[in-house]
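Chain residues, written in single-letter form:
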Amino acid sequence: GDSVTQMEGPVTLSEEAFLTINCTYTATGYPSLFWYVQYPGEGLQLLLKATKADDKGSNKGFEATYRKETTSFHLEKGSVQVSDSAVYFCALSNNNDMRFGAGTRLTVKP
Amino acid sequence: GAVVSQHPSRVICKSGTSVKIECRSLDFQATTMFWYRQFPKKSLMLMATSNEGSKATYEQGVEKDKFLINHASLTLSTLTVTSAHPEDSSFYICSAPSSGRAHDTQYFGPGTRLTVL
């Protein structure tokens, strides 16, 4: 079945460092891909998404490109801030089904 | 934007009792809703897909007789944890796609913290 494999955390970075969180997927057909974020004490919310190959999702300085050839959707940000500290979940949606990665906890230190 | 609510936000119950958690889409209709369980420091685990007007689809390893799901209307799905035990203590989250198609963006409820004593 479909699955998402996400880079394990936790990840600790200094402010203004470059961030990459790897995500690869296995799926039949053409899934939609998402990154969700959960800030401390809050519910999950959509960060960005891409619905077809080569699409780039972007929001709040974060970017991810849907790479069908490598079945990847890596999350990147050029300069992280303390306020980016959260848990990030890669997810796919395919044929009325949802799959999540394990989540990566990011801590950004001043 | 679309809003999904959950009630209660927190519940403490005795072992052996049943607990019902409600998930409502407040400004849109959802023929499909999803129920998840989030373990501390671990992944968000999809438990089941709730379908309005038909039976829920459960993920492998999830006991359907223990976690009863009823999608009574286009804006309400309920998860009942029957005969709860301490190992059922967890954070339960629901989500719904605003377009009605699971393929689209999910809107998540704030979650329900269940503690079974």
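Just so you know, these numbers come straight off a predicted model, no measurement behind them.

## Some words on the nonpolar core
The biggest cluster of nonpolar side chains holds 26 residues, and the ones touching the most others in it are Trp35, Leu47, Leu48, Phe73, Leu75 and Tyr88 of chain A. For this core, the secondary-structure elements that each account for two or more residues are strand 2 (11–14), strand 3 (19–21), strand 4 (23–26), strand 5 (32–38), strand 6 (44–50), strand 8 (62–65), strand 10 (86–94) and strand 12 (104–109) of chain A. Here this core gets 4 residues from one element, more than from any other, and that element is strand 10 of chain A. In this structure, Tyr88 of chain A is in contact with Gln6, Ile21, Trp35, Tyr36, Val37, Leu47, Phe62, Leu75, Gly103, Thr104 and Leu106 of chain A, ignoring residues within four places of it in sequence. Ranked by size, the runner-up nonpolar core spans 24 residues in total, among them Val4, Cys13, Val62 and Val116 of chain B.

## Description of unusual backbone geometry
Cis peptide bonds are those with omega within 30 degrees of zero, and the linkage from Gly9 of chain A to Pro10 of chain A qualifies with -5°. Omega for the bond connecting His7 of chain B with Pro8 of chain B falls within 30 degrees of zero, at 0°, which places this linkage in the cis form. Of note, Ser83 of chain B is a non-glycine position whose phi angle comes to about 45°, a positive value. Along the polypeptide, Ser83 of chain B turns up in the loop between strand 8 (76–81) and strand 9 (90–97). Overall, Ser83 of chain B belongs to the partly exposed group, its relative accessible area being 35%.

## Observations concerning the state of the cysteines
In this structure the tally under the stated criterion is 2 disulfides over all chains. Each disulfide pairs two cysteine sulfurs, and for Cys23 of chain A the partner residue is Cys90 of chain A, the sulfurs being separated by 1.9 Å. Between Cys23 of chain A and Cys90 of chain A, the S-S torsion sits near -70°, and that sign places the bridge as left-handed. Taken together, the positions of Cys23 of chain A in strand 4 and Cys90 of chain A in strand 10 put the pair 67 residues apart, joining distant regions of the chain. In this structure Cys90 of chain A comes out as buried when scored by relative accessible area, which is 1%. The thiol sulfur of Cys13 of chain B is not disulfide-bonded, and the nearest other cysteine sulfur, from Cys94 of chain B, lies at 18 Å.

Definitions and cut-offs
Residues numbered from 1 in each chain as written. Chains lettered and ligands numbered in written order. Predicted model: local features only at pLDDT ≥ 70, side-chain atom pairs only at ≥ 80, totals over all residues. Heavy atoms only, no water. Core = buried A, V, L, I, M, F, W, Y, C linked by side-chain atoms within 4.5 Å. Buried < 20%, exposed > 50% of the residue type's maximum accessible area, 1.4 Å probe, protein only. Helix = DSSP H or I, 4+ residues; strand = E, 2+ residues; numbered from the N terminus. Contact = heavy atoms within 4.5 Å. Disulfide = S-S within 2.5 Å.

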